[in-house]
Amino acid sequence: MQHQLQGKQQELMSLTSELTEIKTSFVEKQKNFEQQQAQVEQQREQLKLEFSHLANKILDEKSQSFSQSNKTELDAILRPFKEQVEGFQKRVNEVHSESVKGQATVSSELKKVLDIGLQMTNEANNLATALKGDKKTTGNWGEIQLERTLQLAGLMKGDHYDTQENRVDEEGNRRLPDFVIKLPDNKHIIIDSKVSLVAYDKAIAAESDAEVNSALDEHCNAIKNHINDLFKKDYSNLIGLRSPSFVLMFMPIEPAYIEAMKHKKDLFNYGYEKNVILVSHTTLMPILKTVSNLWRIEQGNTEAKEISLRAGEIYNQVCVVAERLQKLGKSLNTVSNQYNETVKGLAGKQGLAGKVERFNQLSNKVTKTMPQIEPNHSDFEHERLELVAEPMADNTPLNTSEEKGE
């Protein structure tokens, strides 16, 4: 009986301990539940807050998207009108700018035209004065026009032509041809300027055909008088000149030359028979261009001869230098051979140095050391120089002055 009671007590104690553990576990679970419930509430509030932010964000994005969409649609609708308005405004500005520039350009061009008109008026007045002036003024003007033609052809005064050069004929009479054109090989062409255009001025001012024909007849007769005058002076046979048998007569105004040729078709032949060739600026220019080309060819030939002469002189001088270097090399070779023979007599056991080597051991006065002496080897460049110099000496004989210089 006692034993059963102890067993019940132990069982009671065990149940009590188990009950205590259950209560403790329940309290802990209750506490954990309350904590989880609190965390759930906290997460709920946080989710609610995040949902609110997300909803606001979505609303804002939708609003912006809606606004952007509306703006895009409005831009797509209004852009063509905007571009048309801007293009119209740009064109208006361009037209205005072009109008301003055009007005400025027109004003500038009008000023240029006025200046050119004034210049032409002055030149026309000067030309009229020259045409109607005295013979000296007219002659000077014609010579100026002729020299201008010479310069346009590329000829230079002094080198290719002379003006008013004092000459004498076979009878000792003094002659002054207007221009003497120089040719290669000391040959010449004589050009004389003749201007007598008073009659031609009358022909221009004439009001009837009869007056025109009368003035042109007078104009052609004046030209014939100049031809006869040049024929009498016989410029082509002046002393010191090697000229063809004809003289060129220059007429500075082209229309006067053309009208004379048209009015008197035999006028050119009339001058040709008297060894006087009538020329104007147009017909004279090819002749002068030919002369300019002849001088250009002559200059090229002269330079080619000078280059050839200089090349020969330089080659001969190179030969002289090569021969002198060859002689110097042979002298150096002789000295080198003598040096090597001396080295052979001094160095080695059979040489003088080998024979006195014993003195180094016998005497305590020796303080120096015998240096190592090597023979000198010939330089192969000397052989190459001989190969260069010998053909030069064989193929190109030197002139007397160079041999003396050597």
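- As recorded in an unreviewed UniProt entry, the protein goes by the name DNA recombination protein RmuC, listed as coming from Psychrosphaera haliotis.
- In its Sequence similarities (unreviewed entry) section, the UniProt record describing the protein reads: "Belongs to the RmuC family."
- Entered under Function (unreviewed entry) in the UniProt record, the comment concerning the protein runs "Involved in DNA recombination."

**Remarks on empty space enclosed by the protein**
Next, step 1: A full pass over the atoms with the stated rule returns one cavity of 30 Å³ or more.
Next, step 2: Around the largest cavity, the lining residues are Lys 194, Val 195, Ser 196, Leu 197, His 219, Ile 223, His 226, Met 249 and Met 251.
Next, step 3: Among the elements that take part in the lining of the largest cavity, helix α4 (residues 209-233) stands out by supplying three residues, more than any other.
Next, step 4: Looking at side-chain class alone, the lining of the largest cavity contains five nonpolar, three polar and one charged residues.

**Examining α4**
Next, step 1: Compared with an ideal rise of 1.5 Å per residue, which puts 25 residues at 36 Å, α4 spans 36 Å between its outermost C-alpha atoms and is within 8% of the ideal.
Next, step 2: The set of residues buried in α4 consists of Ala 215, Leu 216, His 219, Cys 220, Ala 222, Ile 223, His 226, Ile 227 and Leu 230.
Next, step 3: Contacts made by the buried residues of α4 are with β5 (187-193), α3 (198-205), β6 (247-250), α5 (254-263), α6 (267-273) and β7 (276-279).
Next, step 4: One or two residues past the end of α4 sits Asp 234, with phi positive at roughly 50°.

**What to know about α3**
Next, step 1: Those residues of α3 that sit buried are Ala 199, Tyr 200 and Ala 203. Across the axial projection of α3, the buried residues extend over an arc of 100°, all falling on one side. Turned more than 90 degrees from where α3 packs its buried face, Ile 204 and Ala 205 sit exposed.

**Considering unusual backbone geometry**
Next, step 1: Phi is positive for Asn 275, close to 60°, though the residue is something other than glycine.
Next, step 2: Mapped onto the secondary structure, Asn 275 falls in the loop between α6 and β7.
Next, step 3: Assessed through its relative accessible area of 33%, Asn 275 is described here as partly exposed.

**Digging into the sheet that holds strand β4 (residues 179-183)**
Next, step 1: Spatially, five strands are ordered β1-β4-β5-β6-β7 in an open sheet, and the strand pairing comes out mixed. Looking along the sheet, the strands with just one partner apiece sit at the ends: β1 (161-163) and β7. Within this sheet the neighbouring strands show an average axis-to-axis angle of 25°, counted without direction.
Next, step 2: Contacting β5, β6 and β7, α4 runs over the sheet at an angle of about 140° to β7.

**A few points about the packing of aromatic side chains**
Next, step 1: Within the structure shown, the criterion is met by one aromatic pair.
Next, step 2: Taking 6.0 Å as the distance between ring centres and 55° as the angle between the ring planes, the aromatic pair formed by Tyr 161 and Phe 179 counts as tilted. On the criterion of sequence distance, the pair formed by Tyr 161 in strand β1 and Phe 179 in strand β4 is long-range, its members being 18 residues apart.
Next, step 3: With relative accessibility at 3%, the residue Phe 179 sits in the buried group.

What counts, and at which threshold
- Residues numbered from 1 in each chain as written.
- Predicted model: local features only at pLDDT ≥ 70, side-chain atom pairs only at ≥ 80, totals over all residues.
- Heavy atoms only, no water.
- UniProt positions renumbered as here; feature names shortened; annotations may be inferred.
- 1 Å grid on protein atoms, 1.4 Å probe; cavity = no way out; pocket = protein on both sides within 12 Å on 5 of 7 lines; lining within 4 Å.
- Points joined across faces, edges and corners; volume = space filled by probe spheres on them.
- Helix = DSSP H or I, 4+ residues; strand = E, 2+ residues; numbered from the N terminus.
- Nonpolar A, V, L, I, M, F, W, Y, C, P; charged D, E, K, R; others polar.
- Expected span 1.5 Å × (residues − 1).
- Buried < 20%, exposed > 50% of the residue type's maximum accessible area, 1.4 Å probe, protein only.
- Contact = heavy atoms within 4.5 Å.
- Arc of directions from axis to C-beta.
- Pairing = 2+ DSSP bridges.
- Axes fitted to C-alpha atoms, helices over the stretch in contact; angles between N-to-C directions.
- Phe/Tyr/Trp six-rings, centres within 6.5 Å; stacked < 30°, edge-to-face > 60°.

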